[in-house]
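# Structural characterization, general
Below are the chains, spelled out letter by letter.
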There are 2 protein chains.
Amino acid sequence: MSQDDAGIDLETSLGYLLKEAASALRAAMEDVLRPLGMTITHYSCLELLAQRPGSSNSDLARGAFVTRQSMNVLLQTLERDGFVTRPSEAPVGKVLPTKLTPRGRRSLEQATAAVRSVEVRMLSGLSDADHAAALRILRSMVSSLRADPAADADAGSAVADRGGGLASGV
Amino acid sequence: MSQDDAGIDLETSLGYLLKEAASALRAAMEDVLRPLGMTITHYSCLELLAQRPGSSNSDLARGAFVTRQSMNVLLQTLERDGFVTRPSEAPVGKVLPTKLTPRGRRSLEQATAAVRSVEVRMLSGLSDADHAAALRILRSMVSSLRADPAADADAGSAVADRGGGLASGV
DNA sequence: CAACCTATGTCAGACTATTGACATGAGTCA
DNA sequence: TGACTCATGTCAATAGTCTGACATAGGTTG
């Protein structure tokens with residue numbers, strides 16, 4: 001009774017710890033990407049394009065966990081600076097398939113190395129079993145969080161933008 | 001060779017998955033806090049104050065994983081709207097100890113219930129052992145990420161703001 | 001076929017958070 | 001005591017993201 005309705009114990013809350021870990025990861029990535037003149041979303045966009053050439057703006061937004069509006073302004077900058085190319089006319093529908101330029105690919109190589117070092121450091125204290133458990137547990141959390149929250153309440157229309165990650169493309 | 005320098009496999013990257021989980025958690029929390037007219041940082045601030053009355057602006061910033069500048073403007077709003085109080089003069093040093101008002105406490109109660117429902121949903125697919133493992137693994141990741149990144153390179157001065165969480169206060 | 005619904009790309013405005021900078025108080029150490 | 005270092009609170013400017021809105025393409029359904 002005393003603990004249950006007195007708030008959320010931040011010391012043992014998995015939600016708080018998840019936010020803390022994500023914050024630490026973000027800070028570490030920003031530290032290594034800043035010298036390259038790159039933000040995290042910037043890097044995410046390039047990495048996504050390397051693995052999925054021809055992705056649409058909306059695809060990239062979902063994969064980088066930002067709105068398609070944010071990704072759109074980023075893509076305009078990246079195109080202006082010669083890191084990506086987009087056709088001026090949509091070959092089909094409204095989708096403008098985006099591709100990396102050689103310059104974008106070179107830029108990504110450095111960033112990937114930097115980000116990999118961060119990920120290696122993050123995993124340095126974990127066994128292989130821990131790593132596997134973390135993947136399984138986090139996937140379960142993502143799946144549960146995305147499950148219909150409106151089992152009894154409303155909040156139905158709020159999952160419009162920024163929904164997916166890149167899992168749905170398999 | 002083909003996988004090692006071809007990028008980071010987003011499907012199995014723990015870093016990407018961590019970001020995905022944090023994004024899903026953030027979206028879920030925003031969905032339940034929006035009807036209460038509250039942002040996540042807003043809620044975090046209140047929750048921290050409930051557990052640590054008299055915290056300083058900088059303490060709250062670390063606990064909510066934002067800069068003390070961001071927390072400062074938020075505190076000004078919260079004080080103006082009557083959710084918290086701060087003395088006009090620092091009793092000692094420059095620290096202005098902040099406290100919840102009754103109104104702030106009432107507001108927090110609703111938010112806590114909403115956030116707790118999100119956390120319950122997030123944990124719904126996990127066993128107790130999974131929960132314990134997640135806590136241990138995430139703490140290890142946080143600790144490793146905060147460890148000195150400059151074992152061979154520079155990047156030393158970048159960990160100034162937004163460093164801590166609330167772990168250091170024990 | 002026509003109406004509907006969903007998804008996409010894009011523009012504009014507002015907001016939140018960040019970086020940078022400054023002055024001040026406290027603790028440390030020679 | 002005086003110099004140094006560190007942390008805090010705060011102001012200003014910038015950057016990144018979000019919400020809101022609109023037109024359009026494609027698929028679905030009556």
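Residues numbered from 1 in each chain as written. Chains lettered and ligands numbered in written order. Predicted model: local features only at pLDDT ≥ 70, side-chain atom pairs only at ≥ 80, totals over all residues. Heavy atoms only, no water.

As recorded in an unreviewed UniProt entry, chain A goes by the name DNA-binding transcriptional regulator, MarR family, listed as coming from Okibacterium fritillariae.

## Considerations on the overall build of chain A
Counting its secondary structure elements, chain A contains 6 helices and 2 strands. Seen in sequence order, chain A has helices and strands lined up from the N terminus as α-α-α-α-β-β-α-α. For chain A, with 170 residues in total, the buried portion stands at 44%. Surface exposure of chain A reaches about 8700 Å², of which carbon and sulfur atoms provide 53%. (Helix = DSSP H or I, 4+ residues; strand = E, 2+ residues; numbered from the N terminus. Buried < 20%, exposed > 50% of the residue type's maximum accessible area, 1.4 Å probe, protein only. Areas by Shrake-Rupley, 256 points an atom, 1.4 Å probe, with all protein chains shown as cover.)

## Focus: the protein's contact with DNA strand D
Among the 24 residues in the neighbourhood of DNA strand D, the closest are listed as A:Thr41, B:Ser58, B:Arg68, B:Asn72 and B:Lys94. Between DNA strand D and the protein, one listed contact pairs a phosphate oxygen with a backbone N or O atom of B:Asn57 at 3.4 Å. Between B:Ser58 and DNA strand D, the recorded distance is 2.8 Å, taken from a side-chain N or O atom to a phosphate oxygen. Listing elements by their share of the surface near DNA strand D, those giving two or more residues are helix 4 (68-80) of chain A together with helix 3 (57-64) and helix 4 (68-80) of chain B. At 4 residues, helix 4 of chain B tops the list of elements feeding residues into the surface near DNA strand D. (Near = heavy atom within 4 Å. Polar contact = N/O pair within 3.5 Å; in protein donor to acceptor, adjacent residues only side chain to side chain.)

## Considerations on the protein's contact with DNA strand C
Around DNA strand C, 22 residues are found, and the nearest of them are A:Ser58, A:Arg68, A:Asn72, B:Thr41 and B:Ser70. In DNA strand C, the atoms that sit within 4 Å of the protein are 56% sugar and phosphate, with bases accounting for the remainder. Within the side chain of A:Gln76, a nitrogen or oxygen atom sits 3.2 Å from a phosphate oxygen of DNA strand C. Take A:Lys94: an N or O atom from its side chain is 3.0 Å from a base oxygen of DNA strand C. Elements that contribute at least two residues to the surface near DNA strand C include exactly helix 3 (57-64) and helix 4 of chain A together with helix 4 of chain B. If you tally residues by element for the surface near DNA strand C, the top one is helix 4 of chain A, at 4 residues. Residue composition of the surface near DNA strand C, grouped by class: 3 nonpolar, 11 polar and 8 charged. (Nonpolar A, V, L, I, M, F, W, Y, C, P; charged D, E, K, R; others polar.)

## Describing unusual backbone geometry
For A:Phe65, which is not glycine, the phi torsion reads 65° and is therefore positive. Tracing the chain through its elements places A:Phe65 in the loop between helix 3 and helix 4.

## Here's the deal with the environment of A:Thr112
Following the sequence through the fold, A:Thr112 ends up in helix 5 (residues 102-122). The class of A:Thr112 is buried, set by a relative accessible area of 7%. A C-alpha to C-alpha distance of 9.7 Å links A:Thr112 and A:Ser44, two positions 68 residues apart in sequence. Those residues in contact with A:Thr112 that lie beyond four places of it in its chain are A:Tyr43, A:Glu47, B:Gly7 and B:Ile8. (Contact = heavy atoms within 4.5 Å.)

## Here's the deal with the interface of chain B and chain A
Facing 70 residues of chain B, the contacting portion of chain A comprises 70 residues. A buried area of about 6400 Å², summed over both sides, lies between chain B and chain A, and 61% of it is on carbon and sulfur atoms. In terms of surface lost to chain A, no three residues of chain B exceed B:Ile8, B:Phe65 and B:Leu145, which account for 11% of the buried area on that side. Across the chain B-chain A interface, the total number found is 6 salt bridges. A salt bridge links A:Arg136 to B:Asp130; the shortest N-O distance between them is 2.9 Å. Seen at the junction of chain B and chain A, the total is 28 residue pairs in polar contact (both at pLDDT 80 or more). Sorting the residues of the side of chain B that touches chain A by element identifies helix 1 (14-33), helix 2 (40-51), helix 3, helix 5 (102-122) and helix 6 (128-146) of chain B as the ones contributing at least two each. The element that contributes the greatest number of residues to the side of chain B that touches chain A is helix 1 of chain B, accounting for 17 residues. When grouped by side-chain class, the residues that make up the side of chain B that touches chain A number 35 nonpolar, 16 polar and 19 charged. (Buried area = accessible area lost by both parts, 1.4 Å probe. Salt bridge = Lys/Arg side-chain N within 4 Å of Asp/Glu carboxyl O.)

## Observations concerning the relation of the copies chain B and chain A
For these two chain copies, the linking operation is a rotation about an axis paired with a shift along it. Mapping chain B onto chain A calls for a screw motion: a turn of 180° about the axis and a shift of 0.0 Å along it, with 0.0 Å RMSD after fitting. Those values place the two copies in the arrangement expected of a two-fold rotation axis. With an isologous cut-off of 70% or more, the 100% of interface residues of chain B that recur at the interface of chain A puts this contact in the isologous class. (Least-squares fit on C-alpha atoms with pLDDT ≥ 70 in both.)

## Some remarks on the confidence of the model for chain A
With 85% of its residues at a pLDDT of 70 or more, chain A has an overall mean of 88. The low-confidence segment residues 152-159 of chain A, where pLDDT is below 50, has 1 contact with residues more than four positions distant or belonging to other chains. (pLDDT = per-residue confidence, 0-100.)

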